[in-house]
Amino acid sequence: MKISWLIARIDLKRMTRDKAFFFWSLAFPVFLILIFGNLYRGGNSNPKAEIVVVNRDQGRWGDFLVAALDNPDLVIQKVQEKPDKFTRVLEIPADFSQRIQNFQAQKLRFTKNADASLEAATRVETRIIQALVRLIAGVVLQPESGPAQPGNRPIEELITIKTGFPPGTITTIPSGFDHVIPGILVHTLMILILIYGGITVMMDRQSGILTRIISGPVSRAELWGGKFLGRLLTGLLQAVMLVGLGLLFFKLNLGDPPLSFLIVILFSAAMASLSIFLGSVFRKEEVIIGLAILFANLFAALGGCWWPIEVVPPVIRAVGMAVPAWWAMDAFHQVIFFHKGLETLILHYVVLLAYTALFSFLAIRYFRIRQ
Amino acid sequence: MNRIRLIVTRDFRRRLRSPAGILILTAIPLLMTAIFGIVFSPGEKSRQLSIRVLVVDNDRNFGARMLMQAFSQERFAEMFRMETVNEEDGRREIARGKASALLVIPKDFTAALFLSRPVQLEVVKNPSEQFLPGVVEEFTRTAAVLAAAAQAVFREELAAMRPLWDRSFNEIETTEFANLLDSLRPKINRLRRVLDPLLVGLDTQDETSKPEAENQPAFDISEIFALILPGMAILFMMFIVEIFMREILSEKEDGTLRRLLFSPIPPIQYVAAKITSAWLMGLVILGLMAAMGSVVLAIRWGNFFYFLVLGGAVLAALCGLFALFYAFFRNRNQAGVITSPVILVFAALGGSMIPVNQLPAGFRAFSRFTPNYWFIQGTALIRAGEFPVTAILLLLAVGLVLTVASLPLLVRRVSP
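No experiment lies behind these values; they were computed from the predicted model shown. (Residues numbered from 1 in each chain as written. Chains lettered and ligands numbered in written order. Predicted model: local features only at pLDDT ≥ 70, side-chain atom pairs only at ≥ 80, totals over all residues. Heavy atoms only, no water.)

Draft legend 1. Looking closely at the overall build of chain A. Within chain A, the secondary structure is distributed over 13 helices and five strands. Taking the principal axes of its C-alpha atoms as reference, chain A extends roughly 100 × 45 × 40 Å. Here chain A, with 371 residues, has 58% of them falling under the buried criterion. For chain A, the exposed area adds up to about 15700 Å²; of that, 62% sits on carbon and sulfur atoms. Here chain A contributes 36 positively and 26 negatively charged side chains, and the mean placements of these two sets differ by 13 Å. (Helix = DSSP H or I, 4+ residues; strand = E, 2+ residues; numbered from the N terminus. Buried < 20%, exposed > 50% of the residue type's maximum accessible area, 1.4 Å probe, protein only. Areas by Shrake-Rupley, 256 points an atom, 1.4 Å probe, with all protein chains shown as cover. Lys, Arg positive; Asp, Glu negative; His and termini not counted. Charge placed at Lys NZ, Arg CZ, Asp CG, Glu CD.)

Right, here's the structure in full:
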């Protein structure tokens, strides 16, 4: 064990001395976290959506609609002419009230800037539809003589919606970063361990380092254990850096930290075994890099590291359960969002251990010391 | 020229003898495109994605049934998978994340509607899901506005009907019904006039959408693939061209370069040959990727000649870029430190990972400085039947400038 530990420490030192190590383990994941975290920002981080209302209506129904549109979610900018630049704009034509009075069907034009937030546009569109429902109710209720005013009790107050999360789970809406950081962590752990771990095993074999080590008082098991431990430590180092950064700058919610960290340990162990297998079987650096990228991206896509797994078609979701990243991600969800304990996570831990056992079996079976 | 041809031929032969690495890097973009396409295809999603909603109906009356029916109307019926459960089971299931949301309809919901009394619906959301619970919440809000609007319209009639419910059918006088009907008739007539056809609808457009879009054929998943593959292809072409250019250092390190320079090959010809072979092999691989995209993913690229011209231009820019990088690198480790990060940053900013219009505004400003952006824009124009003259000229100019700048530096690097 002492020798394995020594080999692991030397491997870790070699990897961290590589100038690219901190790019792959820290800078690149942070870059991805910033991009994806902003992309999947939670609903509470940007509560107001903008809309420009061009009200050219000569009658009173235009004002009625604008009043019905009023909502804490929206920032409404009322103008007379359509601006050149906008995120989204609703145009009320000059004959809007006239057509309503004459019961002539019409469509209001709602134009969205394709570059603006899709989520905000959807929210605004929903609010417009709700305002149109109120307007149509108002038309039905109007006296024959002219436009009606809103009723004594605004209709939205009659039925209110209370929203929340189940008791015992999170109490505040999670930020985009809470969703994104575990995904990026799992993805970049795979990239880092598989590429670095695989290539260094191959290079150590080709350059004769493994032969030199085994010619000393080191058993094959100790050598393999050292290589495994070295890759595991690499993953853990990256996880500590990323989680630390997440806690400091992105207010990352980890749920129960020891349980979350156990997920990282078991997942890194599975990837460490897989990396030794790749490095033992293949002889060319570009093949190992290609396969590492392939496995990392495939596992990430199927495991839900890149996008919320709920938007994935059911077939792909079912296939995803066959990859270790899915189990790591689901375990993170159970800890972070549902505050579940060991009794729920035990299944995830066992599955990740099973992957470690499977990849270790392959890695031991094909572990080669000489070229 | 003959010597350059010989080196290029030798490089091609060597690659063909051991193509595994390049083949894997060629296959990855196709595989990733297939996965991205299937996940993000709107056509597929509308057929397959269903939002599981648990409903606790404590009201068990007309109002609750109307509300639940809103979730089962036409296109929404496929979108929402409604399941009525008892409250205990529902709360337990949602706490285990087994549905996107739990909708709790209170006991007096219908009575509240009849008596114009405020009433509250509860939506309990799955905390681990980012989008679907929000869809349920918004839909419930809209359904609530609809129900409240209907209640506002028929407020007097509902209030008049409420006492009738507590009496047996035989106790109700015909005149009471007649009065109700008299009151309802003008409102129903008005409703008919505003709903058939709908008095005020919404015409939603994207700012950039063109009128002819309405005449386009129905959604085709290959369109999604055609949007994704160029970004993926250019990302992996950068890795592939980088591997080819890295051979300059590999051949220097393993002594091949020294042996070559013993023959009557001047360093400038060697460098020119390496850039040419990287460009040519890149073009073959890009063509192969595009062809596989057509065959396997049914992508229509538009004019294939235009595509190859654009491919040639972008490869010229990539060869020039990596030639310049390798003019400064002393060894392969140094190269690895710089090139992979540059490739990934270009990919993230240029639209290979996320469409440029969805990038944060701060990042978007850098997109135009990446070859990824121009290649992706160029392929979109070709698919639209246009020749991407700006993208091609720009990429060729960048390629020319970088190659010319890198040649003397690379010659100095490889000279004995």
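Draft legend 2. Focus on the domain arrangement of chain B. In terms of domains, chain B is made up of domain 1 (2–41 + 220–414) and domain 2 (50–162 + 172–191). Computed from C-alpha coordinates alone, the two centres of domain 1 of chain B and domain 2 of chain B are separated by 57 Å. (Domains from an automatic or database assignment.)

Draft legend 3. Main features of helix H17 (residues 371–383) of chain B. Residues and elements named next belong to chain B. For H17, with 13 residues, the first-to-last C-alpha span of 18 Å sits near the 18 Å given by 1.5 Å per residue. Among all positions in H17, only Pro 371, Asn 372, Tyr 373, Trp 374, Phe 375, Ile 376, Gly 378, Thr 379 and Ile 382 are buried. Against helix H11 (221–253), helix H13 (267–297), helix H14 (304–328), helix H15 (332–350) and helix H18 (389–414) lie the buried residues of H17. Among the residues trailing H17, Gly 385 stands out with phi positive, at a value near 90 degrees. (Expected span 1.5 Å × (residues − 1). Contact = heavy atoms within 4.5 Å.)

Draft legend 4. Seen up close, the interface of chain B and chain A. The partner chain A presents 93 residues to the 95 residues of chain B that form the contact. Interface of chain B and chain A: buried area, both sides summed, is about 8500 Å²; carbon and sulfur atoms make up 70% of it. It is B:Arg190, B:Leu199 and B:Leu202 that lose the most area in chain B upon contact with chain A, and together they represent 9% of the buried surface on that side. Counting the contacts that link chain B with chain A gives three salt bridges. (Buried area = accessible area lost by both parts, 1.4 Å probe. Salt bridge = Lys/Arg side-chain N within 4 Å of Asp/Glu carboxyl O.)

Draft legend 5. The arrangement of the confidence of the model for chain B in detail. Put simply, chain B has an average pLDDT of 86, and 95% of its residues get 70 or more. At the level of individual helices and strands, chain B shows its lowest average pLDDT in helix H3 (residues 42–48) of chain B, which scores 54, and its highest in strand S3 (residues 101–105) of chain B, which scores 96. (pLDDT = per-residue confidence, 0-100.)

Draft legend 6. Local environment of the domain arrangement of chain A. We note that the domain assignment places domain 1 (2–41 + 174–366) and domain 2 (49–157) within chain A. On a C-alpha basis, the centroid separation for the pair domain 1 of chain A and domain 2 of chain A is 52 Å.

Draft legend 7. Quick peek at the environment of A:Tyr349. All names here are of chain A. With respect to the helices and strands, the residue Tyr 349 is situated in helix H13 (residues 342–366). It is 45 Å that separates the C-alpha atoms of Tyr 349 and Ile 159, two residues lying 190 residues apart in sequence. With residues near it in sequence (within four places) discarded, Tyr 349 still touches Leu 259, Leu 262, Ile 263, Leu 266 and Leu 342.

Draft legend 8. Expanded view of the packing of aromatic side chains. As enumerated under the stated definition, the model contains 29 aromatic pairs over all chains in all. Here A:Phe21 and A:Phe22 contribute two aromatic rings whose centre-to-centre distance is 5.2 Å and whose plane-to-plane angle is 85 degrees, an arrangement assigned as edge-to-face. Arranged with centres 4.9 Å apart and planes meeting at 40 degrees, the rings of B:Trp301 and B:Phe307 form a pair that is tilted. For B:Trp301, a relative accessible area of 5% gives the class buried. For B:Phe307, a relative accessible area of 3% translates into the label buried. (Phe/Tyr/Trp six-rings, centres within 6.5 Å; stacked < 30°, edge-to-face > 60°.)

Draft legend 9. Spotlight on the sheet that holds strand S4 (residues 106–112) of chain A. Within the open sheet, the five strands sit side by side as S2(A)-S1(A)-S3(A)-S4(A)-S5(B). Their pairing is mixed. With partners counted over all chains shown, the strands left at the sheet margins are strand S2 (74–79) of chain A together with strand S5 (200–206) of chain B, one partner each. When strand polarity is set aside, the average angle formed by the axes of neighbouring strands in this sheet is 25 degrees. Pairing of strand S1 (residues 49–55) of chain A with strand S3 (residues 88–92) of chain A involves four bridges; the strand directions are parallel. Looking at the pairing, A:Val52 lines up with A:Val89 of S3(A). Contacts from helix H3 (residues 61–69) of chain A reach S1, S2, S3 and S4 of chain A within the one sheet, and its direction differs from that of S1(A) by about 170 degrees. (Pairing = 2+ DSSP bridges. Axes fitted to C-alpha atoms, helices over the stretch in contact; angles between N-to-C directions.)

Draft legend 10. Examining the sheet that holds strand S4 (residues 119–125) of chain B more closely. Spatial ordering of the open sheet is given by S5(A)-S4(B)-S3(B)-S1(B)-S2(B), a layout of five strands whose pairing is mixed. Of all the strands in the sheet, just strand S5 (159–164) of chain A together with strand S2 (80–84) of chain B have a single pairing partner and so form its edges. Direction aside, the axes of adjacent strands within the sheet are offset by 25 degrees on average. Bridging between strand S1 (residues 51–57) of chain B and S2(B) involves five bridges; their strand directions are parallel. The partner of B:Val55 across the bridge, within S2(B), is B:Thr84. Relative to S3(B), helix H6 (residues 87–95) of chain B is tilted by about 155 degrees, and along the sheet it contacts S1, S3 and S4 of chain B. Where helix H8 (residues 132–153) of chain B meets the sheet, its contacts fall on S5 of chain A together with S1, S2, S3 and S4 of chain B, and the angle it forms with S5(A) comes to roughly 165 degrees.

Draft legend 11. The arrangement of the nonpolar core in detail. Residue and element names in this part refer to chain A. The biggest cluster of nonpolar side chains holds 193 residues, and the ones touching the most others in it are Met 190 and Met 271. In contact with Met 190, not counting residues within four places along its chain, are Ile 195, Phe 267, Met 271, Ala 296, Phe 299, Ala 300 and Ala 325. Ranked by size, the runner-up nonpolar core spans 38 residues in total, among them Leu 65, Leu 74, Ala 131 and Leu 135. (Core = buried A, V, L, I, M, F, W, Y, C linked by side-chain atoms within 4.5 Å.)

Draft legend 12. Inspection of the pattern of salt bridges at higher detail. Applying the stated criterion across every chain, the model contains 35 salt bridges over all chains. Among the ionic pairs, A:Asp11 bridges to A:Arg14, the shortest N-O distance being 3.3 Å. Of this pair, A:Asp11 and A:Arg14 both sit in helix H1 (residues 2–17), three residues apart, which is roughly one turn of the helix. Residue classification places A:Asp11 among the buried positions, given a relative accessible area of 4%. A salt bridge links B:Lys125 to B:Glu137, with the shortest nitrogen-to-oxygen separation between them at 2.9 Å. You can see B:Lys125 sitting in strand S4 and its partner B:Glu137 sitting in helix H8, a full 12 residues away along the chain. Each member of the pair, B:Lys125 as well as B:Glu137, is classed as buried. Connected via shared salt-bridge partners are A:Glu286, B:Arg10, B:Asp11, B:Arg14, B:Arg15, B:Glu247, B:Glu251 and B:Lys274.

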